[in-house]
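# Structural features, examined
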Amino acid sequence: MKIGALALQGDFREHLNMVRNLGSEGVEVRTAEELDRIDALIIPGGESTTIGRLASIYGLIEPLRKRIADGMPVLGTCAGMIFLAAGTLHHEQPQLECLDVVVERNAFGRQVDSFEADLEVGGFDHPIHAVFIRAPWIHKVGGDVEVLATVTDPESGESRPVFVRQDRILATSFHPELTTDTRIHEMLMEVS
Ligand code: GLN
């Protein structure tokens, strides 16, 4: 299996290391031609406005939308989740609008900018250690979106989704590529 990582900005190398450790071929994707040659795609964490702007400049927005609409499995982490989403609260920015969620960027506030937590995940037999870095959470989910993990907002006490699945689209607010837990990358391979 050939797995691509969108290599415009962000921590795509860490994702590719994980993919290669799992025995798949991992390739960097920067052009529509490279996108055509992969079986599944990872959109990494980084800065979602930069990833969105560069994707527009590289002419990748429509090719990405088409491949995802045609069923290519995709995993978006953190900024990657924001880029996949239908919208963001507060500001407009280039987004693929493939994943029916509205996200809130930098949702955990300045004091808890970055943190780690063990999360229960639907379908996993033990919790996942999740690393959040200036992370978004999901403000609103559409009807076809399955919520696989949540965190509790300390201010309101409400549950906020941080790991969701919509058919072959997986998205996390956190960074599985920065741990040694490979289960989320394996999930991407399994839905392929
Ligand atoms: N704060 C970044 C954004 O809004 C995401 C951070 C990350 O990917 N770790 O794009």
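Everything in this summary refers to the structure shown in the same document. (Residues numbered from 1 in each chain as written. Predicted model: local features only at pLDDT ≥ 70, side-chain atom pairs only at ≥ 80, totals over all residues. Heavy atoms only, no water.)

## Thoughts on the side chain of T88
Locating T88 in the fold gives a position in strand 5 (residues 85-88). Residue T88 is classed as buried on the basis of its relative accessible area, which comes to 14%. Engagement of the side chain of T88 in a polar contact is seen with the backbone oxygen of H91, the distance being 2.5 Å. Discounting residues that sit within four places of it in the chain, T88 has contacts with I82, Q93, Q95, V102, V103 and R105. (Helix = DSSP H or I, 4+ residues; strand = E, 2+ residues; numbered from the N terminus. Buried < 20%, exposed > 50% of the residue type's maximum accessible area, 1.4 Å probe, protein only. Polar contact = N/O pair within 3.5 Å; in protein donor to acceptor, adjacent residues only side chain to side chain. Contact = heavy atoms within 4.5 Å.)

## Topic: the site of the ligand
Neighbouring the ligand are the residues G45, G46, E47, S48, C78, A79, I82, R105, N106, I133, R134 and H175. Between the ligand and the protein, one listed contact pairs a nitrogen atom with a backbone N or O atom of I133 at 3.0 Å. Burial of the ligand by the protein chains amounts to 95% of its free accessible area of 300 Å². (Near = heavy atom within 4 Å. Areas by Shrake-Rupley, 256 points an atom, 1.4 Å probe, with all protein chains shown as cover.)

## Things to note about the pattern of salt bridges
Scanning all chains against the criterion turns up eight salt bridges. Between K66 and D70 there is a salt bridge, with its nearest N and O atoms 2.8 Å apart. Residues D181 and R183 are paired through a salt bridge, measuring 2.8 Å at the closest nitrogen-oxygen approach. For the pair D181 and R183, a shared accessibility class is recorded, and that class is buried. (Salt bridge = Lys/Arg side-chain N within 4 Å of Asp/Glu carboxyl O.)

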